[in-house]
Amino acid sequence: MLAASYMGLKHTHIMLAFFSIIFFNFRFWKYFLVARPKWARIAPHVIDTFLLLTGILLAVALSINPFSLGGSWLGVKLFFMVLYILFAILAMRQSFALSTRLINYLICNSMAMAVVWMAMMKPQLF
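Each value, and the rule that gives it
- Residues numbered from 1 in each chain as written.
- Predicted model: local features only at pLDDT ≥ 70, side-chain atom pairs only at ≥ 80, totals over all residues.
- Heavy atoms only, no water.
- Domains from an automatic or database assignment.
- Contact = heavy atoms within 4.5 Å.
- Buried area = accessible area lost by both parts, 1.4 Å probe.
- Nonpolar A, V, L, I, M, F, W, Y, C, P; charged D, E, K, R; others polar.
- Core = buried A, V, L, I, M, F, W, Y, C linked by side-chain atoms within 4.5 Å.
- Buried < 20%, exposed > 50% of the residue type's maximum accessible area, 1.4 Å probe, protein only.
- Helix = DSSP H or I, 4+ residues; strand = E, 2+ residues; numbered from the N terminus.

### A few points about the domain arrangement of the protein
Assigned domains within the protein: domain 1 (1–63) and domain 2 (68–125). The centre of domain 1, based on its C-alpha atoms, is set 14 Å off from the matching centre of domain 2. Between domain 1 and domain 2, the residue contacts involve 16 residues of the former and 16 residues of the latter. Across the domain 1 to domain 2 interface the summed buried area is about 1400 Å²; carbon plus sulfur atoms make up 67%. Looking only at domain 1, the three residues that lose the most surface to domain 2 are Phe24, Phe28 and Phe32, adding up to 43% of its buried area. Of the residues contributing to the side of domain 1 that touches domain 2, the split by class is 11 nonpolar, 3 polar and 2 charged.

Below, the structure written as structure tokens:
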């Protein structure tokens, strides 16, 4: 793969990750007590779909297997990503008590930080 196309894919992935995290925080506080409009319910799915797609393309381009010895960091990153999505869903549920939503919000942001840390440090886990 050409270096320019790899770098473009990598920067697109980073930009989408940034948008996903910032947009989640924006939506959480902007629509904390009121119903979200339709665009605010659809946009995260679009952003996260492209984030996942660029992540898969990067893993394929770099031949990283998340279930192998050298790619274990990617497997843990994917696990944290699933937890990020789960806790984001729970934080956005307006039928839950405010304290429950805030706890889920904090856990969600912790998972986002863990995903970013795993991506930046790529620690050898096994």
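### With respect to the nonpolar core
Note on soluble globular proteins: their nonpolar side chains tend to be buried together. Counting residues in each nonpolar core, the largest one holds 13 residues, and the members touching the most others are Phe24, Phe28, Tyr84 and Cys108. Looking at this core, the elements that each hand over two or more residues are helix H1 (3–30), helix H3 (72–92) and helix H4 (98–121). The biggest single contributor to this core is H3, with 6 residues. Counting residues domain by domain, this core receives three or more from each of domain 1 (1–63) and domain 2 (68–125). Contacts of Tyr84, omitting those with residues within four sequence positions, involve Ser20, Ile21, Phe24, Cys108, Met111 and Ala112.

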